Structures are given as C-alpha cells and as structure tokens.
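Structural overview for review
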Amino acid sequence: NKDAQAAFTDARRKDPAFGGADVIGAVEAYKRAVILDNDNAQYRNFLAAALLWAGRVDEAIYNLEQANNLVPSEPKFVVNLGYAHHKNGDETRAMLYYSRALMLDPRNVRARLFLGYALEMVGYGSEAITELRKVMLQDPANDGARRALARLGVVPPPVGNPPPPPLPKGR
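Let me sum up the structure you'll find in this document. (Residues numbered from 1 in each chain as written. Predicted model: local features only at pLDDT ≥ 70, side-chain atom pairs only at ≥ 80, totals over all residues. Heavy atoms only, no water.)

Quick word on the packing of helix H7 (residues 109–121) against helix H8 (residues 125–138)
- Two numbers describe how H7 lies on H8: the axes approach to 8 Å, and their chain directions differ by 155°. By the angle class used here, H7 and H8 are roughly antiparallel. Here the hand of the crossing between H7 and H8 comes out left-handed. Between H7 and H8, the residues in contact are Val-109, Arg-112, Leu-113, Leu-115, Gly-116, Leu-119 and Glu-120 and Glu-127, Ala-128, Glu-131, Leu-132, Lys-134, Val-135 and Gln-138, respectively.
- By residue class, the composition of the contact of H7 with H8 is seven nonpolar, two polar and five charged. (Axes fitted to C-alpha atoms, helices over the stretch in contact; angles between N-to-C directions. Helix = DSSP H or I, 4+ residues; strand = E, 2+ residues; numbered from the N terminus. Parallel < 35°, antiparallel > 145°, perpendicular 65-115°, else oblique. Left-handed = near helix turned anticlockwise from the far one by under 90°. Contact = heavy atoms within 4.5 Å. Nonpolar A, V, L, I, M, F, W, Y, C, P; charged D, E, K, R; others polar.)

In structure tokens:
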C-alpha cells in the first residue's frame, strides 16, 4: 500500500530513534501506516517503539501483542513485548516473553541479555550470571553483559585473544 508506505516513511523521518525530533508526530504517522495496512506487523513494531519512547506503555504492549499475533514466529516481536512489560514494571511477564523468544531462537543475544537483566532485577543472581555468560560466549564484546556481570561480582573475560604467556627466563 503506497499510502501506508508514505506514512511509514514520514514516521521514520520524525522518529527520534532514527535522528528525528518529533516522537508524537512519529507516533501519529506510524498509526496512519497501521490504519492503512492493519496486517503489517513491522509497522506495529515501529509504532510500539515510538509509543514506548513517548511513555505510552499500554498502547505499545497492545501493538506488540498484535504484531506477535500476526507473526508469532518472529522472535524480535516477542523480545520487544518482553521489553514493553519490563517498562511497565512487570519483570515476571518480561521474563516469560524473553524465554519464549529464546525458544524461537536460542541464539537471540538480545533476548538472552534482557533475560539476564530481568533475572538480576528479581534477585536470581546465579541464574542471571548463567544467562549473561552465555551472552559473552556469543558476543564477547557485549558491553551490557560485561557491566551486568561486574554488578553481580563476576569478572568478565577479556575481549579479544589473550596475550601469549611469557617466555621462561633464560631464553
């Protein structure tokens, strides 16, 4: 739909996440795109992100639920739904969605990182460490996982290859 695409393009231009300066304008333009193409899960996902930016969490959750219903196999929408529940103060529900995303894609670093954060927030430190270490295995330079591990008292592994061991004396 050309009109929906034009509304979406307008929204991206206004969206602070993409360098714009008008989150309310972005929300309204994304809403036009959704109205014109109601079955476009991606439009709903972008709308939800802008709604979160604007502090309208309940509307964001609704649109992410709709996106998830349209494409239930897309882990990105499931992770974003978990994040929206986190922003709503519901870590238990957030963990549920992060876990669902990992069932869809066990290598989803963002879902695993957010699950680690949520576990840390609800007081499951050892479980959080397990998840954050898995993030580090996939993405050794992941700064979020490094900082979380440090908060939990774990020294994260060095980034890159370790230096070679020193040569024995006398050689």
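We are not done yet, so read on.
Description of H7
- Helix length check: H7 (13 residues) gives 18 Å between terminal C-alpha atoms against 18 Å at 1.5 Å per residue, within 8%.
- Among all positions in H7, only Ala-111, Arg-112, Leu-113, Phe-114, Leu-115, Gly-116, Ala-118 and Leu-119 are buried.
- The N-cap of H7, judged by a side-chain oxygen 3.2 Å from the amide nitrogen of Arg-110 a few residues on, is Asn-108.
- Among the residues trailing H7, Gly-123 stands out with phi positive, at a value near 95°. (Expected span 1.5 Å × (residues − 1). Buried < 20%, exposed > 50% of the residue type's maximum accessible area, 1.4 Å probe, protein only. Polar contact = N/O pair within 3.5 Å; in protein donor to acceptor, adjacent residues only side chain to side chain.)

A look at the pattern of salt bridges
- Taken as a whole and assessed by the stated rule, the structure comprises nine salt bridges.
- Here Asp-10 makes a salt bridge to Arg-32, at a shortest N to O gap of 3.0 Å. Taken together, the positions of Asp-10 in helix H1 (residues 2–14) and Arg-32 in helix H2 (residues 23–36) put the pair 22 residues apart, joining distant regions of the chain.
- With relative accessibility at 16%, the residue Asp-10 sits in the buried group.
- Classification of Arg-32 as partly exposed rests on a relative accessible area of 40%.
- Glu-59 is the salt-bridge partner of Lys-31, the closest N and O atoms lying 3.3 Å from each other. With Lys-31 in helix H2 and Glu-59 in helix H4 (residues 57–70), this pair connects stretches of sequence that are 28 residues apart.
- Put simply, Asp-10, Arg-13, Lys-14 and Arg-32 are held in one network by salt bridges that share partners. (Salt bridge = Lys/Arg side-chain N within 4 Å of Asp/Glu carboxyl O.)

Digging into the nonpolar core
- Counting residues in hydrophobic clusters, the biggest one holds 46 residues, and the most contacted among them are Tyr-30, Tyr-98 and Leu-132.
- With seven residues, helix H3 (residues 41–53) is the single largest residue contributor to this core.
- The contact partners of Leu-132, leaving out residues within four places of it in the chain, are Leu-113, Gly-116, Ala-145, Ala-148, Leu-149 and Leu-152. (Core = buried A, V, L, I, M, F, W, Y, C linked by side-chain atoms within 4.5 Å.)

Re the packing of aromatic side chains
- Within the structure shown, the criterion is met by eight aromatic pairs.
- Between Phe-8 and Phe-46, the aromatic rings sit 5.1 Å apart at their centres with planes inclined by 85°, giving edge-to-face as the arrangement. Remark: Phe-46 occurs in helix H3 and Phe-8 occurs in helix H1; sequence separation between them is 38 residues.
- Using a relative accessible area of 11% as the deciding quantity, one classes Phe-8 as buried. (Phe/Tyr/Trp six-rings, centres within 6.5 Å; stacked < 30°, edge-to-face > 60°.)

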